[in-house]
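The residues making up each chain are set out below.
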Amino acid sequence: MTKTKSTHPIIVQADRVMKQLYLPRIVSCLEQLSPEQIWWRPNEASNSVGNMVLHLSGNVRQWIISGLGGAVDMRQRDLEFSQRNPLPRRLLIGRLRNTVSEASRVLRKLSPEGLARVHRIQRFRVTEMEAIFHVAEHFSHHAGQIILLTKMLTGRDMKFTHLPGEKKPKSRRLRAL
């Protein structure tokens, strides 16, 4: 069977990691935190959950939507970290969901033949595959930070992972490719 544009394993997995694995976890975290907790910073060298959500939206937009999809890059990266006036939870969730949806549409249009094509993103020369891998890895990294901060601030187990031998709920299982 010949692979179509939307079934290349690298593209499918990156899309799935963002959209089906980490986006729901980040949204769950945001829904469990108070507005004060969303914008709390442990110190000035650290970021709040809200700032990380803004940063993820900016990164995905710049690398996938603009860098690979051709949209105009209007990112103001420093503002993602300097935001101190709390934005509402619904705005953060909506922005991240919309960004991931847009990125998903761009990813589905990419072809396996184009994965070696070089793009200039953030002054870096990267292939489409490198850009896709960077974004999936970056999304995972900050999702982990958001989950850790949520656990620290709420004192609750998020139930996103399970120890060996524990019964796993079917709805949380990530299917293999």
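Summary of the structure given here.

What counts, and where the lines are drawn
Residues numbered from 1 in each chain as written. Predicted model: local features only at pLDDT ≥ 70, side-chain atom pairs only at ≥ 80, totals over all residues. Heavy atoms only, no water. Helix = DSSP H or I, 4+ residues; strand = E, 2+ residues; numbered from the N terminus. Buried < 20%, exposed > 50% of the residue type's maximum accessible area, 1.4 Å probe, protein only. Contact = heavy atoms within 4.5 Å. Areas by Shrake-Rupley, 256 points an atom, 1.4 Å probe, with all protein chains shown as cover. Lys, Arg positive; Asp, Glu negative; His and termini not counted. Charge placed at Lys NZ, Arg CZ, Asp CG, Glu CD. Polar contact = N/O pair within 3.5 Å; in protein donor to acceptor, adjacent residues only side chain to side chain. Pairing = 2+ DSSP bridges. 1 Å grid on protein atoms, 1.4 Å probe; cavity = no way out; pocket = protein on both sides within 12 Å on 5 of 7 lines; lining within 4 Å. Points joined across faces, edges and corners; volume = space filled by probe spheres on them. Salt bridge = Lys/Arg side-chain N within 4 Å of Asp/Glu carboxyl O. Axes fitted to C-alpha atoms, helices over the stretch in contact; angles between N-to-C directions. Parallel < 35°, antiparallel > 145°, perpendicular 65-115°, else oblique. Left-handed = near helix turned anticlockwise from the far one by under 90°. Core = buried A, V, L, I, M, F, W, Y, C linked by side-chain atoms within 4.5 Å. Expected span 1.5 Å × (residues − 1).

## Here we look at the overall build of the protein chain
On a plain count of helices and strands, the protein chain comes out with six helices and two strands. Mapped in sequence order, the helices and strands of the protein chain form the string α-α-α-α-α-β-β-α. Burial analysis of the protein chain (177 residues in total) assigns 42% to the buried set. When contacts within the protein chain are restricted to residue pairs at least 6 apart in sequence, long-range pairs at least 24 apart make up 73% of them. When the accessible surface of the protein chain is totalled, it reaches about 10600 Å², and 53% of it is carbon and sulfur. Of the side chains in the protein chain, 30 bear a positive and 14 a negative charge, and the two mean positions are spaced by 6 Å.

## Points about the side chain of glutamine 62
Position of glutamine 62 relative to the elements: it lies in helix H3 (residues 49-66). At a separation of 2.6 Å, a polar atom in the side chain of glutamine 62 contacts the side chain of arginine 75. For glutamine 62, the side chain forms a polar contact with the side chain of glutamine 122, separated by 2.9 Å. Among residues more than four places away in sequence, those in contact with glutamine 62 are Gly67, Asp73, Arg75, Ile121 and Gln122.

## Side note on the pairing of strand E2 (residues 124-127)
For a regular strand, side chains alternate in direction, first toward one face of the sheet and then toward the other. Relative to E2, strand E1 (residues 118-121) runs antiparallel, the two being bridged by four bridges. Residue pairing across strands places arginine 120 opposite arginine 125, the latter belonging to E2. Joining the antiparallel neighbours E1 and E2 is a turn of two residues, in which glutamine 122 adopts a positive phi near 55°.

## Looking at unusual backbone geometry
For arginine 123, which is not a glycine, the phi torsion comes out positive at approximately 70°. In the Ramachandran plot, lysine 159 falls in the positive-phi region, its phi being about 60° despite a non-glycine side chain. Relative to the elements of secondary structure, lysine 159 occurs in the segment after helix H6 (128-154).

## Topic: the layout of surface pockets
Computed from the structure, the largest pocket encloses a volume of approximately 380 Å³. Elements represented by at least two residues in the lining of the largest pocket include exactly H3, helix H4 (77-82) and helix H5 (89-109). The element best represented in the lining of the largest pocket is H3, accounting for five residues.

## Here we look at the pattern of salt bridges
Summed over the entire model, instances satisfying the criterion amount to five salt bridges. Measuring nitrogen to oxygen at the nearest pair gives 3.3 Å for the salt bridge that ties lysine 19 to aspartate 15. Note that lysine 19 and aspartate 15 are positioned in helix H1 (residues 9-32) at a spacing of four residues, about one turn of the helix. Using a relative accessible area of 11% as the deciding quantity, one classes aspartate 15 as buried. Here glutamate 44 ties to arginine 84 by a salt bridge, and the two come within 2.7 Å at their closest N and O atoms.

## Here we look at the packing of H3 against H5
Following both chains from N to C, one finds H3 and H5 inclined at 20°, their axes separated by 9 Å at the closest point. Between H3 and H5, the angle falls in the class roughly parallel. The element H3 and its partner H5 pack so that their crossing is left-handed. Residues Gly50, Val53, Leu54, Leu56, Ser57, Val60, Arg61, Ile64 and Ile65 of H3 form the contact with H5, whose own contacting residues are Leu92, Arg95, Leu96, Thr99, Glu102, Ala103, Val106 and Leu107.

## Points about the nonpolar core
Judged by nonpolar contacts, the single largest core of 46 residues is most densely connected at Ile26, Ile132 and Phe139. Mapped by element, the contributors of at least two residues to this core are H1, H3, H5 and H6. Ranked by residue count, the leading element in this core is H1, at eleven residues. Contacts of isoleucine 26, omitting those with residues within four sequence positions, involve Val53, Leu56, Leu96, Phe139, Ala143 and Ile146.

## Section: H6
Look at H6: 39 Å from first C-alpha to last across 27 residues, which is about the 39 Å you get at 1.5 Å a residue. Backbone geometry just after H6 places glycine 155 at a positive phi near 70°.

By themselves these figures say nothing about function.
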